[in-house]
Amino acid sequence: MYNFSYQKVTSVDDAVEAMQKADDGKFVAGGQTMLPTMKHRLASPSDVIDLGGIEDLKGICMDGDAISIGAMTTHAEVAASSDVQSAIPALAKLAGNIGDPAVRNRGTIGGSIANNDPAADYPAAVIALGATVKTNKREIAGDEFFTGMFETALEEDELITSISFPKTEAAAYMKFENPASRYAIVGVFVAKSGDEVKVVVTGATACEHRGMRL
Amino acid sequence: MAENGIGANVRRKEDHRFLTGKGNYTDDLNVAGQTHAYFVRSPHAHATINSVDTSAAAAAEGVVAVLTGDDLAADGIGPLICGVNVTSDDGEPHRAPVHSALAQGKVNYVGDHVAVVIAETLAQAKDAAEKVEVDYGILPAVTATASAADEGQQQIHDVAPNNICYNWPFGDKEAVDAAFESAHKISSLDLINNRMVTNAMEPRAAVGEYNSGTEEITLHLTTQNPHVHRLVMSAFNQLAPEHKLRVVGPDVGGGFGVKIFVYAEELVVGWACRKVNRPVKWTSDRTEAFLADAHGRDHVAHAEMALDENGKFLAMRVNTTANLGAYLSTFATMVPSYLYAFLLAGQYSTPLIYSEVKAVFTNTAPVDACRGAGRPEATFLLERLVDVCAEDMGLDPAEIRRRNFIPVDAFPYQTPVVQCYDSGDYNAALDKALALADYDGFAGRAEEAKSRGKRRGIGLSSYVEACGIAPSQAVGQLGAGVGLWESAQVRFNPTGNVQVFTGTHSHGQGHETTFAQLVTEQLGVPIENIEVIHGDTAKTQFGMGTYGSRSLAVGGVAIAKACEKLIEKGKKIAAHALEAAEGDIEFADGNFIVAGTDKAMNIAEVAFNAYVPHSYPEGLEPGFDENAFFDPMNFSFPAGTHICEVEVDPDTGEVEIVKYSAVDDFGKLINPMIVEGQVHGGIVHGVGQALLEGCQYDTDGQLVTASYMDYAMPRADNVPSFDVDYAPTNPPHNPLGVKGCGEAGAIGAPPAVINAITNALGIKHIDMPATPENVWRAAQSAG
């Protein structure tokens with residue numbers, strides 16, 4: 001790991017300001033991808049801005065017909081949430097099968113989506129469920145958020161505040177795990193809403209595929 | 001039986017410290033004034049080194065020294081050695097390229113050692129290592145085993161034309177060829193034994209300290225054999241004279257063979273601590289472990305069996321290419337030769353065997369012993385071939401094995417491949433395993449699985465291995481540079497407790513318990529009063545260490561012999577004290593008794609008398625402390641039958657092991673609980689090789705599987721609960737009647753698993769690891 005400056009901020013505004021001041025800054029959420037990458041000296045941000053102190057980014061709440069999950073909500077919290085379990089059980093199940101308990105207790109939904117690992121689980125759900133990614137600047141449709149391998153529509157100083165998942169009639173997620181990393185070699189999220197069924201595949205190629213509308 | 005003696009499931013004495021975080025591993029050691037070493041490693045598989053510029057690194061913050069191969073040579077530190085000679089078919093010794101601990105002019109694999117940076121902190125050493133400028137002249141890499149010796153291949157070492165280390169034929173080729181000519185049927189098979197990264201839980205580490213007052217180097221290492229490290233580093237690397245070099249293997253977190261060898265990093269740390277006159281610490285990170293620990297297996301083979309009309313084996317012919325990597329690791333040459341070809345008879349009375357082994361160099365990490373070492377490769381080849389024979393002959397796999405087993409009354413049995421098996425009852429183990437696995441009920445289970453869309457298969461593996469390594473004369477004749485006896489010292493303290501010094505080394509096997517059980521059984525001293533001490537050349541007498549499931553079968557016998565000497569001496573002391581004739585003294589349960597009387601003296605009192613000899617037999621030396629050496633008359637030959645049952649999902653290629661039964665002959669068990677743990681661990685190791693683990697280099701020689709993200713280790717959810725039982729026989733040459741159990745699972749499991757998959761899919765063969773992709777493809781082509 002190379003040297004870097006570390007700061008823990010308590011508000012979204014402070015986070016953005018810190019990022020704007022940094023030479024080559026990085027937000028860190030749960031750090032489950034970023035810290036191993038830094039330990040291997042594959043990433044060397046000048047500043048690491050820890051979002052862990054921003055209370056506004058945490059928590060799950062029902063918002064009309066949608067469920068809103070704060071960006072800094074851990075996978076374990078999503079998996080254990082009775083709101084998520086009753087509104088979109090497939091999403092709770094997905095969260096409960098990410099990585100291992102240590103990863104689930106640190107890793108966050110915002111971090112996972114912002115990182116857009118082609119083998120990550122959440123992006124398939126975001127697209128298939130027609131979720132909206134809310135940032136400090138705007139709202140981005142799930143369909144338009146993921147732009148390429150480890151690439152998203154986020155700008156440099158833009159950070160995810162929450163993800164809003166509309167309730168769905170029925171959904172399911174299944175993945176075939178890499179036996180070593182247990183990341184999805186391929187994962188498929190299927191969601192039915194009205195007379196539309198969306199199938200989104202994660203893994204398999206460099207970026208989530210728009211999937212099919214059946 | 002003494003309480004806690006032979007046969008008791010004593011909880012492991014060492015586990016309290018391991019489970020409460022009180023273990024003392026090499027990396028736990030921090031010494032005042034310590035510096036940190038970090039190695040500059042080659043990013044290229046094959047390249048000349050045109051220049052190394054260390055000036056910027058040397059000037060970096062916190063750097064104490066930057067050392068290269070030139071510095072090593074200037075100080076007269078010798079190259080790393082291979083300790084076993086194998087004579088090639090041209091009558092010449094195997095080809096051994098010079099293996100400098102820091103490269104001199106050329107690198108030969110990714111991870112090869114170019115320079116070492118010594119700095120005040122590890123971070124500073126890493127930062128400075130990035131400033132070492134190396135000008136490489138990149139050469140094409142040779143990575144594939146099968147084609148390494150092909151015409152026109154890139155040459156790696158000048159001393160090894162065609163990249164061949166040795167061609168080693170063994171057996172009567174003419175007689176074997178003649179048997180094939182007249183055979184009723186010939187079954188044949190091409191197979192690969194996949195390359196493995198051994199992956200001990202604790203990565204390798206070294207801490208070197210030099211005392212300029214005594215001119216002594218103390219080297220703490222992750223070693224399975226401290227005295228062997230000291231011997232090699234003194235006699236061949238000229239690091240320091242033996243009496244000025246102390247090697248300590250403290251708690252070591254798993255070995256599996258990978259910590260037998262003398263590595264570049266260890267030698268460099270030992271040398272550097274004297275050169276910079278500061279303690280030097282190096283701990284491998286996991287990536288370095290993948291790159292530079294010795295790897296295991298990596299064979300490509302063609303095997304043929306000649307059969308008569310009854311399915312009896314008439315002759316076997318095997319052609320093997322074995323990848324030894326870029327350089328010869330310490331025992332590399334013997335693994336695909338003596339430890340492999342000499343086990344090709346397996347449990348069968350095949351009268352004629354001919355084997356050719358071509359050992360090749362490639363631009364990959366050195367390959368050496370990994371749990372089983374040669375014997376898993378032999379067993380996988382033979383037990384797969386036997387299943388192909390069964391299919392070709394229309395015989396049940398159990399039946400063809402039975403027809404060819406060495407009969408129980410034929411022991412000791414001289415095989416056609418050097419080894420003379422000590423004892424065995426192969427039918428007994430097979431019968432017990434078949435019953436344990438409910439072999440007869442398999443058809444019903446397969447039918448039921450079919451109704452769920454699954455294909456169920458059952459596979460047998462009847463293995464034999466050679467343990468208790470090894471009779472010194474025998475290995476000497478084969479070309480080993482050492483004897484393989486073992487030593488022990490059993491010392492009573494004046495207050496009656498006992499310290500047992502063994503030349504073996506425990507790195508997870510539970511010796512501190514098993515050996516204490518031997519002593520409590522023999523001397524009647526309560527087990528809590530017995531301490532087993534190992535792993536420090538300054539504490540224990542010379543010993544050969546732990547590998548080849550030898551610690552109990554060889555080292556345990558040395559302990560028993562030392563105990564016998566104590567009893568003999570104790571009789572003299574007790575006779576004097578009890579005013580009886582020495583011949584009238586009997587020893588039982590810790591007491592010396594005058595036969596036929598109630599006059600007795602506990603061994604603790606005897607020990608006290610020996611240290612406070614105020615009234616003592618005339619002429620007898622004081623002290624109660626005996627040592628013994630034991631050189632075995634033969635190897636020991638554990639054997640058994642393992643049966644694996646799998647369910648294959650033909651849609652995904654996923655294999656689930658639904659049942660695994662193992663029946664082993666380890667001779668007498670000292671601690672059945674520890675033995676069962678060894679069996680479990682060995683099976684999981686073997687399942688890992690069969691289903692998950694596969695070390696892959698790309699054609700440029702980059703290690704593709706260099707982390708746990710890409711290299712799949714077996715986990716608890718990859719295996720079922722095991723059904724384990726025993727079918728012991730008594731090895732006549734071993735005074736304790738023990739055989740060894742550490743490697744059996746890793747040897748028996750791979751063919752059992754693969755035989756189950758081929759059975760499920762109705763296919764001839766599938767290579768390891770049988771990943772879902774490979775299995776799915778096989779299932780598709782099998783229809």
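Definitions and cut-offs
- Residues numbered from 1 in each chain as written.
- Chains lettered and ligands numbered in written order.
- Predicted model: local features only at pLDDT ≥ 70, side-chain atom pairs only at ≥ 80, totals over all residues.
- Helix = DSSP H or I, 4+ residues; strand = E, 2+ residues; numbered from the N terminus.
- Rg over C-alpha atoms; globule rule 2.2 N^0.38 Å.
- Buried ≥ 20, exposed ≤ 12 C-beta atoms within 10 Å, placed from the backbone.
- Pairing = 2+ DSSP bridges.
- Axes fitted to C-alpha atoms, helices over the stretch in contact; angles between N-to-C directions.
- Contact = placed C-beta atoms within 7 Å.
- Parallel < 35°, antiparallel > 145°, perpendicular 65-115°, else oblique.
- Nonpolar A, V, L, I, M, F, W, Y, C, P; charged D, E, K, R; others polar.
- Domains from an automatic or database assignment.

(A) Representation of the overall build of chain B in the model. Summing up its helical and strand segments, chain B has 19 helices and 30 strands in all. For 783 residues, the compact-globule estimate of 2.2 N^0.38 gives 28 Å, and the C-alpha radius of gyration of chain B, at 27 Å, lies within 12% of that figure. Each principal axis of the C-alpha distribution contributes one length, and for chain B these read about 85 × 70 × 50 Å. Within chain B, the proportion of its 783 residues that are buried is 58%.

(B) Inspection of the sheet that holds strand β3 (residues 63-68) of chain B at higher detail. All names here are of chain B. Pairing within the open sheet is mixed, and its seven strands lie in the order β3-β5-β1-β13-β10-β11-β12. Of all strands in the sheet, those bounded by a partner on one side alone are β3 and β12 (245-248). The sheet shows a mean angle of 20 degrees between the axes of neighbouring strands, direction not considered. Of the strand pairs in this sheet, strand β11 (residues 216-221) and β12 are connected by four bridges, and their pairing is parallel. Each bridged residue has a counterpart across the sheet, and for His220 the counterpart in β12 is Val248. Where helix α4 (residues 122-129) meets the sheet, its contacts fall on β1 (35-41), β3 and β5 (113-119), and the angle it forms with β1 comes to roughly 25 degrees. Lying on the sheet, helix α6 (residues 226-235) is in contact with β11 and β12; it crosses β12 at an angle near 145 degrees.

(C) Summary view of the packing of helix α9 (residues 375-393) of chain B against helix α10 (residues 397-404) of chain B. All names here are of chain B. Packing of α9 against α10 brings their axes to within 9 Å, and their N-to-C directions diverge by 105 degrees. One way to sum up the angle between α9 and α10 is to call them roughly perpendicular. Along its contact with α9, which presents Val386, Asp387, Cys389, Ala390 and Met393, the element α10 presents Pro397, Ile400 and Arg401. A breakdown of the residues in the contact of α9 with α10 according to their chemical character gives six nonpolar, no polar and two charged.

(D) The arrangement of the sheet that holds strand β17 (residues 352-361) of chain B in detail. All names here are of chain B. The strand order across the open sheet built from five strands is β7-β17-β16-β15-β8, with neighbouring strands paired in mixed fashion. The sheet is open, and its two edges are formed by β7 (164-170) and β8 (185-193), each paired on a single side. Going from strand to strand, the sheet's axes swing by 10 degrees on average, the running direction of each strand aside. Lying on the sheet, α9 is in contact with β8, β15 (299-307) and β16 (313-325); it crosses β8 at an angle near 145 degrees.

(E) Representation of the interface of chain A and chain B within the structure. Counting from both sides, the interface comprises four residues of chain A and, opposite them, seven residues of chain B. By residue class, the composition of the side of chain A that touches chain B is three nonpolar, one polar and no charged.

(F) Looking closely at the domain arrangement of chain B. Residues and elements named next belong to chain B. Each domain of chain B was delimited in the assignment, giving domain 1 (15-21 + 485-630), domain 2 (31-139 + 201-254 + 259-292) and domain 3 (295-469 + 634-782). Centre-to-centre, using C-alpha coordinates, domain 1 lies 39 Å away from domain 3. With 16 residues of domain 1 at the contact, the number on the domain 3 side is 17 residues. Secondary-structure elements contributing two or more residues to the side of domain 1 that touches domain 3 are α14 (511-523) and α15 (551-577). When residues of the side of domain 1 that touches domain 3 are assigned to their parent elements, the largest contribution, six residues, is made by α15.

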